[in-house]
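Tertiary structure, described
The chain contents come next:
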Amino acid sequence: MAFIAPMIEAVGASIINLSPYSSDFNPIELCWWQLKSFLRRFSPTTTKMIDTLIAGSLDLINPQHLKNWFTKCCYCHL
């Protein structure tokens, strides 16, 4: 990695070190968790069942769920 930094900086770009990934701070992970949990309850056996269940589960996600996920992940404090 040390040899890459000078090449990046030579073209006028800079390196920003990000914190390690944590699913605890990603609201999308909470959404997927809820979706997978919903699917497991019904144990679909065909792709048509999976499609129907995914469509139904997405209809169950409401603005309050979204707000809660973002608040839990420290993105907003509403």
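Here's what I pulled together on the structure shown here. (Residues numbered from 1 in each chain as written. Predicted model: local features only at pLDDT ≥ 70, side-chain atom pairs only at ≥ 80, totals over all residues. Heavy atoms only, no water.)

1. Some words on the packing of helix H2 (residues 27-42) against helix H4 (residues 63-72)
Two numbers describe how H2 lies on H4: the axes approach to 8 Å, and their chain directions differ by 130°. By the angle between their axes, H2 is oblique relative to H4. Helix-helix and strand crossings are classified by hand; for H2 and H4 the assignment is right-handed. When H2 is examined against H4, the residues Pro 27, Leu 30, Cys 31 and Gln 34 are found in contact with a partner set consisting of His 65, Trp 69, Phe 70 and Lys 72. (Axes fitted to C-alpha atoms, helices over the stretch in contact; angles between N-to-C directions. Helix = DSSP H or I, 4+ residues; strand = E, 2+ residues; numbered from the N terminus. Parallel < 35°, antiparallel > 145°, perpendicular 65-115°, else oblique. Left-handed = near helix turned anticlockwise from the far one by under 90°. Contact = heavy atoms within 4.5 Å.)

2. Quick look at the nonpolar core
Leu 30, Cys 31, Ile 61, Trp 69 and Cys 73 together form the largest nonpolar core, which totals five residues. In contact with Cys 31, other than residues within four places in its own chain, are Ile 61 and Trp 69. (Core = buried A, V, L, I, M, F, W, Y, C linked by side-chain atoms within 4.5 Å. Buried < 20%, exposed > 50% of the residue type's maximum accessible area, 1.4 Å probe, protein only.)

3. A word on H2
Working note: α-helix, 3.6 residues per turn, so residues spaced by three or four point in the same direction. Along its 16 residues, H2 runs 24 Å from first to last C-alpha, staying within 8% of the 22 Å computed at 1.5 Å per residue. If you check which residues of H2 are buried, you get Pro 27, Leu 30, Cys 31, Leu 35, Phe 38 and Leu 39. Summarising the contacts, the buried residues of H2 are in contact with helix H3 (47-60) and H4. Phi turns positive, to about 45°, at Ser 43, one or two residues after H2. (Expected span 1.5 Å × (residues − 1).)

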